[in-house]
Each structure stands twice: as C-alpha cells, then as structure tokens.
Amino acid sequence: MSEPVQLPIKRGCPFDPPEQYKQLRQECPVSPLAMPVSLDGRDGWLVTRLEDAKTVLVDQRFSHRKELISLPIPPPLPMGEGEYKPGAAEPGAFITMDPPDHSRYRRMLAGHFTVRRIRELEPVVERIAARLLDEMAAAGPVADLVTAYAEPLPVELMCELVGIKPEHREPLAKHLAVVSKMSYTVEEITEAVITLSSVLQTVVSEAVANPGDDMLGSLARTGELDEKELINITWALLGGGFDTSGNMLALGTWALLEHPEQLARLRAEPELTDNAIEELLRYLTVSHLGASRAALEDVELGGKLIEAGQTIVVSLPSANRDPEKFPEPDSLDLGRSTQGHVAFGHGVHQCLGQHLARLTLRVGYRALFDRFPTLRLAVPAEEIPTREDMLHYGVHQLPVTWD
Ligand code: HEM
C-alpha cells in the first residue's frame, strides 16, 4: 500500500465508512494521502486508528490554521494551477485559529455551552419538536423526515439560542446549505456568501444596538467584540450547529429502523438513551471527511515522518470503528461502552456544541418515536439518497410513514 490514498472513497453500505479503512488501519495506519490541492506540491497523510487520531488532535505541533492546510478533496469550484492561497482566519473565525487566539474566543463562548446551561433548554427543544411533529402528523401519513423534522429542529433551536429572528432563519438555512456542499456553481456560492454576509450583518447590528436576552445579546454586551468578530462567531456557530445534529437525527432514525432489535431495546430500556446516543454518534460519525491539520514542525507518528508543512487528515469515521477500542466495531450496539469515541473530535477544537447536540438528539428521537410508534420507511432502503456529496454525511431525504 505505497500508493497515496485518494479521497473521497465511496461507501459500500450507507452506515459504514468505506471498506478500505479496515485495511489501512491494519496495514498502514498512517498512510500517504494524495493532496490534489497542495500548498507546496507535497502529498499529505491519512490517520485511521483511534489512538493516532487522538495523538494528532491534542498535539499543538499540528495546526488548524486554514492558510497552512492543503486540501485532500478538490474544492467545489475549478481553479488554475497554484491558485489555492487561503488567507488567515478573519477576526472571530476561531475554528481555524490556533491557541492563544483560538482560546480567547473559545473562553468567551464556553459558558453558553456548559451542560447546565444546555439542560435549561430542554423545554425549548421539546416545544419545537412537538410543533414540528404536529405539523408532520397533520400533513401525513407520509413525510420526508429531513425537511419536516430533522433539518428544522436544530435550525430553530440554534436560532432561538443565538438570538436570530424568525424572518432571518430561512435565508440563513438555505444559504448555509449551499456552503455545506462539495460542489456548487459560481452563481450559487456568490449568492450564498452575499446573502449570508448581509443577513448576519443585519442580525449583529441589531444585537449591538439593542442587545437581547440571548447569546448574541450577551456577547454584544461584553463590549469586547466588534461587529466583524460577532458576525464571524455567529457564522461559525450556525455552520457548526445547523447541519450536524439534523444529519444525526435523520441518519440515526434510519439506522434504528434498520436495526429493529436495537430500537425495541431503546423503547424497553429508556435509561439506555444517553448511551444509545453516544453509540449512534460513534457508529454514524457524520463528520465523514475527518479533521485536517498542518504540521508546524517535523513529527514522527506511527513510524512515519510527518514533515513540517504537510497536511494530515484524521479520519474520524475510521477511528470510531477501530476494533482495538470498540470490539465488533461495525455492529450497532446501544448498550456497548462508547467511551473515548471521537465523533465530536478531540483536543482544543473538540465540538463546542456537543451538549446541545446530545440534548437535541435525546429529545428529538424520543419525541419522534413516542409520537409515531409504527414509524417505518415509505420507500425501499436502496432509494434513500445519501449525502456523500456534502461536508457532513447523512441523508438528503428520508421518506417515512406511520399509518
Ligand atoms: C451531532 C452533532 C455534531 C457533530 C457530530 C459535531 C462534530 C464536530 C467535530 C468533529 C468538531 C471538531 C472538528 C475538528 O477538530 O476539526 C466540531 C467542532 C465544532 N462544532 Fe460541532 N458537531 C455537532 C454539533 C454542533 C452544534 C450543535 C454546534 C453549535 C454550536 C457545533 C459547533 C461546533 C463548533 C463551533 C466547533 C469548532 C470548535 C473549535 O474549533 O473550538 N457543533 N464539531
């Protein structure tokens, strides 16, 4: 296996990462990786084992600064030779910063995402879920679970939490969905970026002028962040929160319907719910493209020399199927020990919204299966379109019925 691996690799089964990862984990866990868009012409590396994945994600010698990271998958728009020259993160765009710049923003946000603060939102999630399910029931008995429930639930929740008025939600959701694609036209992306920038400018200007009792209002009131920073922080939060939980909701529902014995177990043992969600997160790992970093200096890993400047991609789906940590990793077992999975990443960039995501999934699955005990697919499984073409994996549609 000396030829560099090429991403993306096609899946065989909708719930499993590509088969090739098994062989890579066994034979070449730190493998050369083709970089079709390379900042310096060099290939990079792909990490497929859990332990190596965690090592990379906590090691500060690996940077998340986007201006240093080459691309293992060609960008959505064609570009000429040598044209990929990403700029440094704008103020507030903390996801692609390293400490200490990253830490400053992360500290300001952390208090809004603690377990305690998020637990207070449970009635809000219940209210939104109940309303969406009422609407779905009224329009049924066939519905696309994605558009009726899985997509709008996290969008409405995030907007309430951050403080985005109803009239701004639809354009934000529509255009953030374009940014999440792995291919788009120049017209589509131009319209999306212009609309997102202008809606977020309006949202932030209003929050600064008249800070409300929400996250944006509270950040504005500190007086420590200018409008540009607030816009980029909001963009990062919505980008992280709109697409991910929704994909877990829809894909997780499908996985449960395809594993009726596991669904029956979940119904019979509700105390299993928290663990079941961790297992679904591990098993499905919707961040299917993994986490990319750039080596700031030469680092040895798994017997390979990662040279300074090279990009290293951590495959989170592969790490979460590592049999060294998870026996029989390819089976969905809601009662297994899931401790140590990396569905939310690891290290300083570990998902800021993870408690919010857990709450959304806990309330979201429970409300759905309580409301529709006979829920089942309305089309053959082979007809369900999967999201291999998007930055986050899931399903484009999930037609369900319950009569
Ligand atoms: C099931 C749902 C979710 C999954 C699977 C998920 C997954 C991830 C992963 C894997 C990372 C780390 C990426 C890396 O290290 O390169 C991450 C980071 C992040 N996520 Fe999530 N996420 C979810 C939900 C959310 C939600 C609801 C929010 C809302 C605030 C959110 C906001 C963020 C942010 C802001 C970061 C960047 C953190 C940083 O760089 O410090 N995520 N997420």
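Residues numbered from 1 in each chain as written. Predicted model: local features only at pLDDT ≥ 70, side-chain atom pairs only at ≥ 80, totals over all residues. Heavy atoms only, no water.

1. A look at the sheet that holds strand E10 (residues 399-401)
Then comes step 1: With respect to topology, three strands assemble into an open sheet ordered E4-E10-E9, the strand pairing being antiparallel. Unpaired on one side and paired on the other, strand E4 (142-144) and strand E9 (376-377) mark the two borders of the sheet.
Then comes step 2: The pairing of E4 with E10 spans three bridges and is antiparallel. Paired with Asp144 across the bridge in E10 is Pro399. (Pairing = 2+ DSSP bridges. Helix = DSSP H or I, 4+ residues; strand = E, 2+ residues; numbered from the N terminus.)

2. Considering the site of the ligand
Then comes step 1: Taken together, 28 residues lie near the ligand, and His102, Arg106, Arg293, His349 and Cys351 sit nearest.
Then comes step 2: Take Arg106: an N or O atom from its side chain is 2.7 Å from an oxygen atom of the ligand.
Then comes step 3: Here an oxygen atom of the ligand sits 2.6 Å away from a polar atom, N or O, in the side chain of His349.
Then comes step 4: Put simply, the parts of the chain that give the shell around the ligand at least two residues each are helix H3 (101-110), helix H11 (227-242), helix H12 (244-258) and strand E5 (291-295). (Near = heavy atom within 4 Å. Polar contact = N/O pair within 3.5 Å; in protein donor to acceptor, adjacent residues only side chain to side chain.)

3. Thoughts on the packing of helix H10 (residues 215-222) against H11
Then comes step 1: Look at H10 against H11: their axes get within 11 Å of each other, and the N-to-C directions meet at 150°. In this view, H10 runs roughly antiparallel relative to H11, as classed from their interaxial angle. Seen from above, H10 lies across H11 with right-handed handedness. Contacts from Met215, Leu216, Leu219 and Ala220 of H10 reach H11 at Leu230, Ile233, Thr234 and Leu237.
Then comes step 2: Grouping the amino acids of the contact of H10 with H11 by side-chain chemistry returns seven nonpolar, one polar and no charged. (Axes fitted to C-alpha atoms, helices over the stretch in contact; angles between N-to-C directions. Parallel < 35°, antiparallel > 145°, perpendicular 65-115°, else oblique. Left-handed = near helix turned anticlockwise from the far one by under 90°. Contact = heavy atoms within 4.5 Å. Nonpolar A, V, L, I, M, F, W, Y, C, P; charged D, E, K, R; others polar.)

That's the geometry; what it means functionally is another story.
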